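For reference, the chains in residue letters:
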Amino acid sequence: EYSPSGDGPYPGVIVLPVLGGMNSYTEEFAQRLAQEGYVTVAADFFTGPLEPVYDYLQKHKKVDPNRIGFVGFSKGAQYSLEMERFWGFTKKKRPIKGVVAYYIGNSVPTSRPDYKAVLFLHGEQDRTTPWKGIVSFCKNQKAEGKICEYKIYKNTTHAFTHDSSWGTYHSKNETDAYGRAVEFLGRQLKN
């Protein structure tokens, strides 16, 4: 867990890693986001369910329980977009105010979640998930009156935010994507 120094209440953000599990980039991202005014938890979805992580943030003394979102990388982005559907089968409501999906892994969900706000940050040359699926997903979301934004980075592969066997690190696009993520989370979770 990482949190700003003040008392809050702050929005809470669950940060989910790539398929390989927790890595230094995910931890560093959660730390950076805390400096932007969020209580963050970097959670590995392979080590257990995410319900306790959400419930922990919702009860956290520094967190506004009505302002919780997700940031996911690759498989973590896919899980972020599936959580509301997964949690729809439970009795407890766990509202998610917004999701930032970095280079979503495998595919864009075919059953659209009830998220009011999603931001995709994706590479044009991503062979894991073709970018056209993101454009189509957003078109459908917008038709339902929801917020769906995307930035497709030219000449950029999967996993562009850090060194990886899945893609090539692109520092300029990583910096731009981080700025867009912070701005989007600010609009959805702070305002």
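Structural data are supplied above this passage.
Since we're looking at a predicted model, the values are computed, not measured.

What counts, and where the lines are drawn
- Residues numbered from 1 in each chain as written.
- Predicted model: local features only at pLDDT ≥ 70, side-chain atom pairs only at ≥ 80, totals over all residues.
- Heavy atoms only, no water.
- Core = buried A, V, L, I, M, F, W, Y, C linked by side-chain atoms within 4.5 Å.
- Buried < 20%, exposed > 50% of the residue type's maximum accessible area, 1.4 Å probe, protein only.
- Helix = DSSP H or I, 4+ residues; strand = E, 2+ residues; numbered from the N terminus.
- Phe/Tyr/Trp six-rings, centres within 6.5 Å; stacked < 30°, edge-to-face > 60°.
- Lys NZ or Arg CZ within 6 Å of the ring centre and 35° of its normal.

Trainee: Before we go on, may I ask you to explain the nonpolar core in this structure?
Mentor: One broad trend across soluble globular proteins is that nonpolar side chains are buried collectively. Within the largest apolar cluster, 30 residues are counted, with the highest numbers of intra-cluster contacts made by Ile14, Leu50, Phe70, Leu81, Ile96 and Phe120. Looking at this core, the elements with two or more residues in it are strand 1 (10-16), strand 2 (39-42), helix 2 (51-59), strand 3 (63-73), helix 3 (75-87), strand 4 (99-102), strand 5 (117-123) and helix 4 (131-143). The element that contributes the greatest number of residues to this core is helix 3, accounting for 4 residues. Ranked by size, the runner-up nonpolar core spans 27 residues in total, among them Tyr25, Phe29, Tyr103 and Leu189.

Trainee: Mind showing me how you'd approach the packing of aromatic side chains here?
Mentor: Using the criterion set out here, one finds 14 aromatic pairs in the structure. Measuring from centroid to centroid gives 4.7 Å for Phe45 and Phe46, while their planes differ by 40°, and the two rings are tilted. Accessibility expressed as a relative area gives 8% for Phe45, which makes it buried. Between Phe120 and Phe137, the aromatic rings sit 5.5 Å apart at their centres with planes inclined by 85°, giving edge-to-face as the arrangement. Taken together, the positions of Phe120 in strand 5 and Phe137 in helix 4 put the pair 17 residues apart, joining distant regions of the chain. According to the relative accessible area criterion, Phe120 is buried, its value standing at 0%. Seen from the ring of Tyr178, Arg32 lies directly overhead, with NZ or CZ sitting 3.7 Å from the centre.

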